[in-house]
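Residue strings, one per chain:
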Amino acid sequence: MEVLWLAQEEVKSVVDMHSDMQVVERAFRQHGLGKVQMPPKSYLYYTAYNGDLRTMPAYLEEEDITGVKIVNVHPGNPMRNLPTVMALIVLLSPETGAPVAIMDGTYLTDIRTGAAGGIAAKYLARKDSKVIGLVGAGNQARTQLEALCEVFEPEIVRITSRTKESCDQFIKEMSDIVPCEILYEESIEKVCNCDILVTTTPTRKPIVKASWVKEGTHINAIGADAVGKEELDPELLLRSKIIVDDVVQALHSGEVNVPLSKHYISENDIHAQFGEVIVGLKPGRTSEEEITIFDSTGLAIQDVATAHMIYERAVREGFGRQVRMF
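Residues numbered from 1 in each chain as written. Predicted model: local features only at pLDDT ≥ 70, side-chain atom pairs only at ≥ 80, totals over all residues. Heavy atoms only, no water.

As annotated in an unreviewed UniProt entry, the protein carries the name Alanine dehydrogenase and comes from Methanosarcina siciliae T4/M. The Catalytic activity (unreviewed entry) comment attached to the protein in UniProt states, word for word, "L-alanine + NAD(+) + H2O = pyruvate + NH4(+) + NADH + H(+)". According to UniProt, the comment filed for the protein under the heading Sequence similarities (unreviewed entry) is "Belongs to the ornithine cyclodeaminase/mu-crystallin family. Archaeal alanine dehydrogenase subfamily." (UniProt positions renumbered as here; feature names shortened; annotations may be inferred.)

Next comes the structure, spelled out in structure tokens:
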């Protein structure tokens, strides 16, 4: 019994944003049609180390692909020269349960999250969106912007983060990818002067005030992915149409989790799951003035669908190495 092992560089060499957006959109479509099995993430909390571990299994029935991701989030890791998020993905045979491939999921997590944000904006943002605002300058911000540029032709990008140095590095790295000027802003309020706002921070206190967000804005709320995390003023949620990637996960760990626990909003304030919008079961944006929020917790179906594409390409191109299991 042999399993294909793919290191991060091999994963990077066979995946691209354009293709992954197609794969992830298809996965969301199957989610909307109820053709996936995906229990909510399970968590282990390492309180002493300010970190957690999550397991994320999924089965896409229509495509007959299955697997599980194991992923951590340790915000203090950069001080140890380690990524905040690290992940491993195991693809399995639905027929036998045997492992088929084991691959790095760290970069995969970044690109599939970016892909989801780009797809969400395609369905929920105004078609004439020209200005993108980024709160946070890490890996998630990079792939979010890359995906948005697959859908829109931005005229300006505004960015802010905890340090100007991180924004300067972001601008340096992304200037060849983004077809417009990227401007550093000192305040989040200035960044909110945009058509599409992306938040990718690990904060546990709201940092985007409702009064800063103008009518017609679309927001990709990416950072809140665990209990107690929130980036947006609860008043902003009350003004907006909220679309979550998955209701069960969002209630537990999405942008809505804290406002729900404090009774600022109720579950009835959630308009739809994103897959329902894609397949037409629920409407998306219905006016130019509406504020829309995509509450992204990150779904196992995104990981499994992306991993399967990577596996097929790696096999076709002869990448990776076979590892004997037993």
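This part covers the overall build of the protein. Regarding its fold elements, the protein presents 11 helices and 16 strands. For 326 residues, the compact-globule estimate of 2.2 N^0.38 gives 20 Å, and the protein sits close to it at 19 Å. Considering only C-alpha atoms, the protein reaches an extent of 60 × 45 × 40 Å along its principal axes. A total of 326 residues make up the protein; the buried ones form 55% of that total. Contacts in the protein between residues far apart in sequence, at least 24 positions, make up 72% of those at least 6 positions apart. Total accessible area computed for the protein in this model is approximately 14,300 Å², and 51% of it derives from carbon and sulfur atoms. (Helix = DSSP H or I, 4+ residues; strand = E, 2+ residues; numbered from the N terminus. Rg over C-alpha atoms; globule rule 2.2 N^0.38 Å. Buried < 20%, exposed > 50% of the residue type's maximum accessible area, 1.4 Å probe, protein only. Contact = heavy atoms within 4.5 Å. Areas by Shrake-Rupley, 256 points an atom, 1.4 Å probe, with all protein chains shown as cover.)

Here we take up the sheet that holds strand β11 (residues 196–199). The strand order across the open sheet built from 8 strands is β10-β9-β8-β11-β12-β15-β13-β14, with neighbouring strands paired in parallel fashion. One side of each edge strand has no neighbouring strand; the edge strands of this open sheet are β10 (181–184) and β14 (270–273). For this sheet, the mean inter-axis angle between neighbouring strands, taken without regard to orientation, is 20 degrees. In the sheet, strand β13 (residues 241–244) pairs with β14 via 3 bridges, with the strands oriented parallel. In the sheet register, V244 faces β14, and the bridge partner there is Q273. (Pairing = 2+ DSSP bridges. Axes fitted to C-alpha atoms, helices over the stretch in contact; angles between N-to-C directions.)

Tracing the backbone shows S93 in the loop between β6 (85–92) and β7 (99–104). A relative accessible area of 19% means that S93 is categorised as buried. Once the C-alpha coordinates of S93 and I222 are considered, the two residues, 129 residues apart in sequence, prove to be 31 Å apart.

Below, the discussion takes up the packing of aromatic side chains. According to the stated counting rule, one finds 5 aromatic pairs in the structure shown. Taking the centre distance of 6.5 Å and the plane angle of 75 degrees together, the rings of F28 and F294 count as edge-to-face. Taken as a pair, F28 in helix α2 (residues 17–32) and F294 in strand β15 (residues 292–295) lie far apart in primary sequence, 266 residues in all. For the pair formed by F28 and F294, the shared burial category is buried. Look at Y43 and Y45: their rings are 5.6 Å apart centre to centre, the planes differ by 10 degrees, and that puts the pair in the stacked class. Overall, the relative accessible area of 15% leaves Y43 in the buried class. (Phe/Tyr/Trp six-rings, centres within 6.5 Å; stacked < 30°, edge-to-face > 60°.)

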